[in-house]
Amino acid sequence: MFAISAALPAATLPRPSDTPTSPPVTGSSVGHWFSVHGSLLISHGAQIATIIVACVAIRVVTTRAINRVVKHATRAAEGVGRLGLVAGERTRQRTQAIGSVLRSLSSAIIFVIGGLMIISVLTIPIAPILASVSVVGVALGLGAQGLITDFISGIFMIFEDQYGVGDVIDAGTAKGTVEEVGLRITKLRDPDGVMWYVRNGSISRVGNKSQGWSRAVVDVPVAYTEDVGRAREIMALTADQLYTDEAWRDRFTDDRPKVVGVESLDGAYVIIRIQARTAPQKDFEVARELRARLKSALDAADVQVASLK
């Protein structure tokens, strides 16, 4: 072993003096670097700082303007609301959701434009960055299709005011009273007290029972031997008395209840129908009260009500 090592030429053995070393950093070299790049660094840094400050200032101004508009809209809507606390809560949640969407959208637009301006100041090629961002966006979109669908559906639902807090809706997968409306999910409370969390993206159609007006329908089976004309007069008078009652007037619209007529005939009875257009969600109350008053009026007039069995 010692003989082989001795036979190798001395030039093949590395020496400490052969390893490359970086030039020492001295005050003159640092000064030279700053003299070459200092003006460029200062000018770029000033432009970048100006862009950042401008973006932050614009965002603050935009956010304050959105908050002011949303607050004003909330107060105006609550002032003309007819359903009291329920309408106020519905308006508050809707306006807050709209304000949140507008703030997030404005912030994203402002800072994206600011970032592109900073990139242009630094003379960095934008095309590769945009290509990378597009690839990442496609990947995220494929992985979060359901979430994006929920948010987009929630945004359109809120802007279009399809339903709100206090409304009774049929969302297909669940039915009940809306207790909370969000961008991703809607909370429903069904008649049994069960809370349903429905994703906005899964709602393909909505039946709102609380918008505009409702209709109360009461069918009265009168014995076949009774005078139909007399029974209709008694029923029309009873329905008109309920309509003019001050305690029940606010549950009706401007249209008076009317006796539609004979709905069906049978060998034992004749079904006479009454319809009344009511305020939203008041149809069941009106129908119950109307049935009670019709029973008393028909009994007093000795009009026999038939059995459907």
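Note on numbering: residues in each chain are counted from 1, in written sequence order. Note on the predicted model: pLDDT of at least 70 is required for a residue's local features to be given, and 80 or more for side-chain atom pairs to be given and counted; whole-chain, interface and lining totals, by contrast, use all residues. As a rule here, side-chain values come from all non-hydrogen atoms in the structure, and water together with hydrogens is ignored.

Caption draft 1: Highlighting the sheet that holds strand 2 (residues 175-181). Pairing between strands requires that DSSP locate at least two bridges from one strand to the other. Strands here mean DSSP runs of E at least two residues long; helices mean DSSP runs of H or I at least four residues long; both are numbered from the N terminus. Ordered in space as 4-3-2-1-5, the five strands form an open sheet in which the pairing is antiparallel. Two strands close off the open sheet at either side, each with one partner strand: strand 4 (195-199) and strand 5 (207-208). One ladder, built from three bridges, connects strand 1 (residues 168-170) with strand 2; its direction is antiparallel. By the bridge assignment, Val-168 is partnered in strand 2 with Thr-177.

Caption draft 2: Region of the structure containing the packing of helix 6 (residues 228-244) against helix 7 (residues 283-300). Angles here are taken between N-to-C directions and fall from 0 to 180 degrees, while the axes themselves are lines fitted to C-alpha atoms, restricted in helices to the stretch in contact. Relative orientation of the contacting elements helix 6 and helix 7 amounts to 130 degrees, with a least axis distance of 10 Å. As far as their axial angle goes, helix 7 and helix 6 are oblique. Crossing handedness for the pair helix 6 and helix 7: right-handed. Contacts between helix 6 and helix 7 involve Ile-234, Met-235, Thr-238, Ala-239, Gln-241 and Leu-242 on the former and, on the latter, Val-286, Glu-289, Leu-290, Arg-293, Leu-294, Ala-297 and Leu-298. Residue type decides the class: Asp, Glu, Lys and Arg count as charged, Ala, Val, Leu, Ile, Met, Phe, Trp, Tyr, Cys and Pro as nonpolar, and the leftover types, Gly among them, as polar. Of the residues contributing to the contact of helix 6 with helix 7, the split by class is nine nonpolar, two polar and two charged. Should an angle fall under 35 degrees it is taken as roughly parallel, and over 145 as roughly antiparallel, whereas 65 to 115 is taken as roughly perpendicular and any remaining angle as oblique. Left-handed describes a crossing whose near helix is turned anticlockwise from the far helix through less than a right angle; right-handed describes the clockwise counterpart. Between two residues, a contact is recorded if the distance between any of their heavy atoms is within 4.5 Å.

Caption draft 3: Structural detail: the packing of aromatic side chains. The pairing test for Phe, Tyr and Trp rings, Trp by its six-membered ring, is centres within 6.5 Å, and the orientation test on the planes gives stacked under 30 degrees, edge-to-face over 60, and tilted for anything in between. Scanning the model with the defined rule gives one aromatic pair in all. For the pair Tyr-243 and Phe-252, a centre-to-centre distance of 5.4 Å together with 70 degrees between the ring planes defines the contact as edge-to-face. The two residues Tyr-243 and Phe-252 agree in class, both being buried. In this structure, Arg-251 packs its charged tip against the face of Trp-248, placed 4.3 Å from the ring centre. Placement of a positive charge over a ring is assigned whenever Lys NZ or Arg CZ falls within 6 Å of the ring centre and within 35 degrees of the normal to the ring plane. In this structure, Arg-277 packs its charged tip against the face of Trp-213, placed 3.8 Å from the ring centre. Exposure classes here rest on a 1.4 Å probe applied to the protein chains alone. A residue is buried below 20% of its type maximum, exposed above 50%, and partly exposed in between.

Caption draft 4: Summary view of helix 5 (residues 145-160). For helix 5, spanning 16 residues, the distance from its first C-alpha to its last is 22 Å, which sits close to the expected 22 Å at 1.5 Å a residue. Within the span of helix 5, buried status applies to Asp-150, Gly-154, Met-157 and Ile-158. In an axial view of helix 5, the angular spread of the buried residues amounts to 95 degrees, which keeps them on one side of the axis. A positive backbone phi angle near 55 degrees is found at Asp-161, which sits one or two residues after helix 5. Take the number of residues in a helix, subtract one, and multiply by 1.5 Å to get its expected span. Throughout, the arc means the angular range of directions from the helix axis out to the C-beta atoms.

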